[in-house]
Amino acid sequence: MIQIPHRKSQVRRSFRLLYVLPVFSAGFSLSASFAYAQTTGGADTTAAVHHVKKKATRARNASTAKASSAHQTAATSAGQSKQVATSKSAVRVSNAKTLDQATVAGSTEAVTVTGSFLKQARQFSANPVQTITAKEIQQTGVTNVGDFLQRMPSVGSGGTGNADTNGGAGMSCTDIRNLGGNRVLVLVDGKRVTQSSTGVGQCVDMNSIPVMAISSIEILKDGGSELYGADAVSGVINIKMKHDVNTGGVTMRGSLTQYGDNRQFMASAYKGWNFDHNRGNVTIFGQFSHQDGVKQWNRKWARNPQVSNTSSGSQSYGSVISTSGTFFNDAGSPVFNGNSAGGLTPYSSSSRYNYAQDQSLLNELDNSSLMGDAHYDFNKHFTLYSNVMYSHKTSSTTMAPMPATGSNPPSTLPSSIIIPSNYPGNTSGEELQMYRRMDEFGKRKADTSVDALTAMVGAKGDIIAGWKYDASFTYGSTMGTMTTSGVGNYAKLLQVWGLSPATPGDSGSSLVYNPNACAGAAGCSFSSALGPLSQEATAYANYKEHDHYHYQLRDTNVRIHNDNVVKMPYAHGGSLGIALGMEHRSEQLSYTPDPLIQQGGTLSNTMAATGGGFNASEAYLEGNLTLLHNAMFAKNLSIDGQGRYSGYNTFGNTYNWKVGINWAPTRDIAFRGTLGTSFRQPNVFELYGGQYMSYNGANDPCDSSQITTYGALQPTVMANCMKHGINPKNFTEAGAGQVATLMGGNTKLQPEVGRTYTFGATMTPRWVPGLMTSVSFWHYRVSNMITSLPTQYILDSCYTGTGTSNCAAINRLSNGQINSVSAYNINGGAMTTSGIDWDLTYRIRLTWEDSLIISNNFQKLVSYKQQLVPGGPKYDYKGTITYQAGGTSNPTVRDYASFTWRHNDFSVTYMLQYMSGMHWNDGSNRIYKSQGYGRVKTPNMVLQDLTFNYNYKKWAFQFEVQNLANKQPPFLVNSSDNSNDSTYGGYYAGRTFLLQAGTTF
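Parameters at a glance
- Residues numbered from 1 in each chain as written.
- Predicted model: local features only at pLDDT ≥ 70, side-chain atom pairs only at ≥ 80, totals over all residues.
- Heavy atoms only, no water.
- Helix = DSSP H or I, 4+ residues; strand = E, 2+ residues; numbered from the N terminus.
- Buried < 20%, exposed > 50% of the residue type's maximum accessible area, 1.4 Å probe, protein only.
- Contact = heavy atoms within 4.5 Å.
- 1 Å grid on protein atoms, 1.4 Å probe; cavity = no way out; pocket = protein on both sides within 12 Å on 5 of 7 lines; lining within 4 Å.
- Points joined across faces, edges and corners; volume = space filled by probe spheres on them.
- Nonpolar A, V, L, I, M, F, W, Y, C, P; charged D, E, K, R; others polar.
- Core = buried A, V, L, I, M, F, W, Y, C linked by side-chain atoms within 4.5 Å.
- Pairing = 2+ DSSP bridges.
- Disulfide = S-S within 2.5 Å.
- Phe/Tyr/Trp six-rings, centres within 6.5 Å; stacked < 30°, edge-to-face > 60°.
- Arc of directions from axis to C-beta.
- Polar contact = N/O pair within 3.5 Å; in protein donor to acceptor, adjacent residues only side chain to side chain.
- pLDDT = per-residue confidence, 0-100.
- Salt bridge = Lys/Arg side-chain N within 4 Å of Asp/Glu carboxyl O.
- Patch = residues over 30% accessible without salt bridge, like charges linked within 9 Å, V, L, I, M, F, W, Y side chains within 5 Å.
- Areas by Shrake-Rupley, 256 points an atom, 1.4 Å probe, with all protein chains shown as cover.

(A) Up close: the overall build of the chain. When its secondary structure is counted, the chain shows 13 helices and 52 strands. Looking at the chain as a whole, 61% of its 1001 residues are labelled buried. Contacts spanning at least 24 positions in sequence make up 74% of the contacts within the chain whose residues lie at least 6 apart.

(B) Main features of helix α12 (residues 791–799). Of all nine residues making up α12, nine are buried, and the element is well covered by its neighbours. Residues of α12 that are buried in the fold lie against β33 (692–697), α11 (714–723), β34 (738–743), β38 (810–812), β39 (818–822) and β43 (874–876). Glycine 801, located one to two residues past α12, shows a positive phi value of around 85°.

(C) A look at the layout of surface pockets. Of the volumes computed, that of the second largest pocket is approximately 410 Å³. If you trace the second largest pocket, you find 25 residues lining it, with Val307, Ser308, Ser316, Asp703 and Ser705 closest to the centre. Classifying every residue of the lining of the second largest pocket by side-chain character gives eight nonpolar, 14 polar and three charged.

(D) Fine view of the nonpolar core. By size, the foremost hydrophobic cluster in this structure holds 33 residues, and its most contacted members are Leu149, Ile214, Ile217, Ile237, Ile239 and Met241. Elements supplying a minimum of two residues to this core: α5 (145–149), β4 (184–188), β8 (214–220), β9 (235–241) and β11 (264–275). Every residue in contact with isoleucine 214, bar those within four places of it in the chain, is listed here: Ala134, Ile137, Val145, Ile209, Ile239, Lys240, Met241 and Lys242. Judged by nonpolar contacts, the second largest core, of 32 residues, contains Cys721, Leu789, Tyr799 and Leu868.

(E) A look at the sheet that holds strand β44 (residues 880–882). Taken together, four strands build an open sheet; the order of strands is β45-β44-β48-β49 and the sheet is mixed. Lying at the two open borders of the sheet, with one neighbouring strand each, are β45 (889–890) and β49 (937–938). Strand direction decides the pairing type here: strand β48 (residues 918–921) and β49, joined by two bridges, are antiparallel. Bridge pairing in β49 links methionine 918 to threonine 938.

(F) Looking closely at the pairing of strand β31 (residues 652–666). Relative to β31, strand β30 (residues 634–648) is paired through 13 bridges, and the arrangement is antiparallel. Looking at β31, one finds that glycine 643 is bridged to tryptophan 657. Two successive antiparallel strands, β30 and β31, enclose a turn made up of three residues. With seven bridges connecting them, β31 and strand β32 (residues 669–680) associate as antiparallel partners. Bridge assignment links threonine 666 to a residue of β32, and that residue is isoleucine 669. In this structure, the hairpin formed by β31 and β32 is closed by a connection of two residues.

(G) Up close: the state of the cysteines. The full count for this structure, using the stated rule, is four disulfides. Each sulfur of the disulfide joining cysteine 702 and cysteine 721 lies 2.0 Å from the other. Linking cysteine 702 and cysteine 721, the disulfide has an S-S dihedral of approximately -95° and is accordingly described as left-handed. Of this pair, cysteine 702 sits in the loop between β33 and α11 while cysteine 721 sits in helix α11, placing them 19 residues apart in sequence. In this structure cysteine 721 comes out as buried when scored by relative accessible area, which is 0%. For the chain, the bonded cysteines pair up as 1-2, 3-4, 5-6, 7-8 when numbered in the order they occur along the sequence.

(H) Expanded view of the side chain of histidine 561. Relative to the assigned elements, histidine 561 resides in strand β27 (residues 545–567). We classify histidine 561 as buried; its relative accessible area is 14%. With near-sequence residues (within four places) excluded, histidine 561 lies in contact with Phe117, Leu118, Gly466, Trp467, Lys468, Ile578 and Ala579.

(I) Spotlight on the sheet that holds strand β5 (residues 191–192). Strand order in this open sheet of five strands is β3-β8-β9-β4-β5, and the pairing throughout is mixed. This sheet does not close on itself; its edge strands, each paired only once, are β3 (129–133) and β5. The pairing of β4 with β9 spans five bridges and is classified as parallel. Residue leucine 185 lies in a different strand from β9, and its bridge partner there is valine 236.

(J) The packing of aromatic side chains, seen in detail. The tally for this structure, following the rule as stated, stands at 25 aromatic pairs. Ring centres of phenylalanine 117 and tyrosine 228 lie 5.7 Å apart, and the angle between their planes is 75°; on these two criteria the pair is classed as edge-to-face. With phenylalanine 117 in the loop between β1 (110–112) and β2 (119–121) and tyrosine 228 in helix α6 (residues 225–228), this residue pair connects regions lying 111 residues apart in the sequence. The class for tyrosine 228 is buried, based on a relative accessible area of 8%. Aromatic rings pair up to connect Phe275, Tyr376, Phe378 and Phe382 into one cluster.

(K) Molecular detail of α11. The set of residues buried in α11 consists of Val717, Asn720 and Cys721. On an axial view of α11, the arc spanned by its buried residues comes to 100°, and they lie on one face. Opposite the buried face of α11, at more than 90 degrees from it, the exposed residues are Pro715 and Lys723. Those residues of α11 hidden inside the fold are in contact with α12. Just beyond α11, the residue with positive phi is glycine 725, at close to 75°.

(L) Highlighting the side chain of glutamine 817. With respect to the helices and strands, glutamine 817 occurs in the loop between β38 and β39. According to the relative accessible area criterion, glutamine 817 is buried, its value standing at 3%. A distance of 3.5 Å separates a polar side-chain atom of glutamine 817 from the backbone oxygen of glycine 332. Those residues in contact with glutamine 817, other than ones at most four positions away along the chain, are Phe328, Gly332, Tyr435, Phe731, Thr732, Glu733, Ala734 and Arg812.

(M) Seen up close, the confidence of the model for the chain. On average, residues of the chain score 87 in pLDDT, and 89% of them reach the 70 mark or higher. The low-confidence segment residues 1–106, where pLDDT is below 50, has 213 contacts with residues more than four positions distant or belonging to other chains.

(N) Looking closely at the environment of glutamine 588. Tracing the backbone through its elements, the reader meets glutamine 588 in strand β28 (residues 575–592). Overall, the relative accessible area of 29% leaves glutamine 588 in the partly exposed class. Residues glutamine 588 and glycine 612 lie 24 residues apart in sequence; the distance between their C-alpha atoms is 5.8 Å.

(O) Structural detail: the pattern of salt bridges. Inspection of the entire model under this criterion finds 25 salt bridges. Here arginine 680 makes a salt bridge to glutamate 752, at a shortest N to O gap of 3.0 Å. Here arginine 680 is found in strand β32, whereas its partner glutamate 752 is found in strand β35 (residues 752–763), with 72 residues between them in sequence. Salt bridges sharing partners connect three or more residues here, namely Arg192, Asp231, Glu583, Arg585, Glu587, Glu618 and Arg644.

(P) Molecular detail of unusual backbone geometry. Looking along the chain, the bond that leaves proline 409 and enters proline 410 is cis, with omega of 10°. Here proline 410 is to be found in the loop between β20 (403–404) and β21 (418–419). A positive phi angle is found at serine 975, which is not glycine, with a value near 60°. By the element assignment, serine 975 lies in the loop between β51 (955–962) and α13 (981–984). By relative accessible area, which is 8% here, serine 975 ends up buried.

(Q) Focus on the pairing of β27. Where strand β24 (residues 468–485) meets β27, 17 bridges bridge the pair, whose relative direction is antiparallel. The partner of methionine 482 across the bridge, within β27, is aspartate 547. Across 17 bridges, the pairing between β27 and β28 is antiparallel. Across the sheet, residue lysine 567 finds its bridge partner in β28, namely serine 575.

(R) Local environment of a nonpolar patch on the surface. Together, Val250, Met252, Phe265 and Phe1001 make up a nonpolar patch on the protein surface, roughly 350 Å² of accessible area in all. Its place among the elements puts phenylalanine 1001 in the segment after β52 (992–1000).

(S) Inspection of the environment of serine 485 at higher detail. Take serine 485: it is sitting in strand β24. Expressed as a C-alpha distance, the spacing of serine 485 and arginine 444, which sit 41 residues apart in the sequence, is 5.4 Å. Setting aside residues up to four positions removed in sequence, serine 485 forms contacts with Lys443, Arg444, Lys445, Tyr543 and Lys544.

Encoded structure:
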C-alpha cells in the first residue's frame, strides 16, 4: 500500500490514536451489552452491499483497486438491488459488467485462498477449494449455514442437523466426506471460533452464524492439519464475513409449508460507517430468525413408526411400552397390561404406544445474532481491527412420555421394576416385570438456551521489503442451559407405588410391597402401579432436569508473510513466497448435568459430569515457489510446501506436512496434486466425558423377529441365546429398536493420524467464454480412529460367535431383557475413502439483456471402508445407509445443480439435488432379503427448488418454492420416524413457499 502524503492539516498520530480508541472501546462495550442483554436485531439484506472503494491516494494502484472491487462485487448477495438504468444501453452495460465480474473466481487475480497463507491465482492453486458466494446461499432461501451446506455433495451425514430432534440440542454441525463432524475445522475469516455442545460432543454450531452477513464460503476439500492444526482431517470450512461496508439495508423473509406449519420468519439489518477520511470503518450486522418446527404426527409418512423389518408375518409399530403398563413374565414375553381399575388384563398388541403423536419432526428454533466489525488504518504499517459475534439461540423439541423401566448405572436403585406376587391387583400369582410409559408426567419437552460469543482483536500491516504481519487474539465463550420436563424422580415414584427395595443400596435388589412407603413424606400419596397415577402422586413424583455447560477458547496467532521474497534468477522464473507463524491455543469445557441425573435418580438417561481441557503451542511454515511463469508449455509451474509443529500438554509433540504442485501448460488448463498428513487429538468429551446412557438404534439378536434375519447363522444365534437362558421363539425385546448403551470418555485415548492425497485439473478455455470446470480425485486414510463400537456390532459379534470377547459388554436382567451394552470410546482401526469431484460453472451471455448461468457440483464415491477394531475385517460402506436410528449414509453419487436465467432485473433459478439409492446396513454388514429382511434398499432421490428474483430500484424481491414436487423422504425402518433425518432432512418439511423483500439505504 502506498503511504498517504502528509497534509498540512493532518493531525498528529497521537491525536489519531485518541480519535480511534473511543470507537473501538464503544464498539466492544456496545457489542457486549447488546449480546448479554439478548438484544435482537437484523443482519444483512439480499439487496446490494456496496463495499467501500479506497480513494486513489489510499490504493496500492489503480488496477488493484479495480480488481478488488470486481472480486467484492462477485461475492454480493443473490438478490442484489441495482439502480434502474435510465436507458436500455445502460442496462446492457450493467448486465455485461455483472457477467464479467461473476467470472472472477476463474481469473488470474492473486488472492488468499483457504489452504494457503500466500496470495496466488485461484486457477493456479494446488489445493481443491470450492468457493460459494453469498448469492448462491441466499437464492436457496435458507436461514442457517448448515442447511445450505447440506446441499453440497462433499458434505456428509455424520454431523447434526435441524431435523435431529432427539439429542441434537438444536445444533447444526457439519461434516465433510462422512468422516464425522469432529474431523472438520470450521473457521470464520480464517480464525477459530467458539463451539457448542450437545452434552456428549462439541462442534461449531452453524445456527449461531448470521447467514445474511456472509460474503462467501470456501471449502478446502483436503486435509489441512499441516497449516491450521488439529481437527482439519477431512478439510476446512472457512466462512468469510462481509467487512468494510458503508451502506445500510434491511431484509424481511417469511415461509410456510403447504400443510400450514413450520412457519419461518427472518429479519436482518446492517449499517456501516466510514470515518476519518475512510481510514476507519465500523459495521454492525443483526439478524433474528424463528422456525416453528413440525410435529411427526402431521406427516403421514412418519405417523406410524415401524420397528420391525421381517419378510414374513406382520410388522410391529410403535413401542411395546404402553401408558397402561406392559408386564413381562420370566421368559421375557409380554403377558399383561394394566387397567384403569388398578388390575391386569391380557396383553394386546393394540396397546403398543405410537410415539409419533408426541414427537417433533423438526425443531422449534429462535436465533438472535449480532456482529460488530471495525478497523482503523493508522498507516501502511499498522491497521487495528476487531470483530465481535454474539448469538442467543433457543430450541425446543418434544418426545414421547418417559418410560419407567428401572434404574441406570451408577444408580443404586433397583435396575428393574419387579411387581411382587402379593401386590394389590396382581392376580397372576407370580412376579411380573413392568415397563410403563408415564403419560401422567406429560410428553417430554427439551428446551435449550445457548449464548455464544467470539471476540477477536488484531493488528496487521507492512513490515519492510514486502513482508507483512498479522497478529490476533480470539476469545470464545459458549454457555448453555438444557432443561427436560417429565423425566420423573424414580425413588419418589417407587414410593407412591408402595414399592421398596428388599436390599436398599443394591441395584440388583428385588422390590417388596410396602403399604407404608409414603409414611412421613410430605405430598406423597399411594397410587397403584397397575393403574393411572393420581394428581397428588403425579405432582410428587414428576421432575424437571436442568443441565449446564460452558466452553472457552483462547487463541493467539502471529503470522508474517511475503508473497515475493525473491525472484528466480532465470528467464520466466517466478517468485518465492514464504509464510510463517506461531499459534497458542487453549480449550476448556465443563458439562454439569442435573445432580439427580448424575445420581441415576430419574427415569431418564444417566450422565456424569465432564470437565477438562488442553493447550497447544504450534509453529507453522509455508513456502510457495513459482518455478516458471509465462513460459512455453508453462503458464505456471509452482510447488508448495507446508509444515506445522505442534506441542500438546496432553500428548507431546507432532509434526505434519503437505506438498503440492500446480502445472498450467497454458492459461486454459492447470493440473494439480497434493500429498499430506493429518493429526487429531481427542477433544474434551472424547477424553474426559463422563459416563452416560444412550439409547442407540439396535435390535436384540434373541428377539423372535430379529433372529429370523441371520440367515445361515441363525442356528448359532439360537444356541447362544439359549445358553443365556433365552428362548427366541417366544422372547420379545422391550426396547423397540433401541438398546440402552453406556458410553463415555477414555483418558487413555491416543491421537488419530492420517494421510491424504488429491490430484486433478481445472479448465477455463478461452474458446468457451464463461466456462470453468474442474475434476479432482481424492483419497483419505485415517488410522487409530477415535470411535465407539456400534451397539448392533457388539450384539451381533457376540451371538454369531464372530467376536465372543464382546459378550462381556452385554448386561441382561434376570428375565433376559438387555439392561445395558457398554461401548466406551476406543482407538479403533483404520478408515479409507476415496472419490471423484466434478465442478462446473458456465456463464452464457444470450443477448445484451439475457444471460444463463449453469452450476454443477458432482461427487462419485469410489470406496468407503472401515475397520471397527485394529486388525479386524474391513467393512464396505460404499453405497449403503445405516437404517437404524442415528445412522449415516454413503451414497455412491450425489449432485447439486442450479440453472439461472437472468433478464435485466428479473431472474429465475432452478435448483436440483440428486442422491443415488442405497443398500441398507445394520452398522457393520449389508442386509439382504435372503436373510429374512423385508426391505433392504432406498431409491434414487431428487429434490427440486424454484426461485424468482426481481430488483426494483433499491428494492429486491424473492419468491421461492422449496421441494417443488413435495417429495417425501424414502422409507427406512429406523424405529423413529420411518426415514433418516441426517440424510433426508431436507424432505421432512414438504413443499414450502417463501417470500422475501429487502432494501438498501
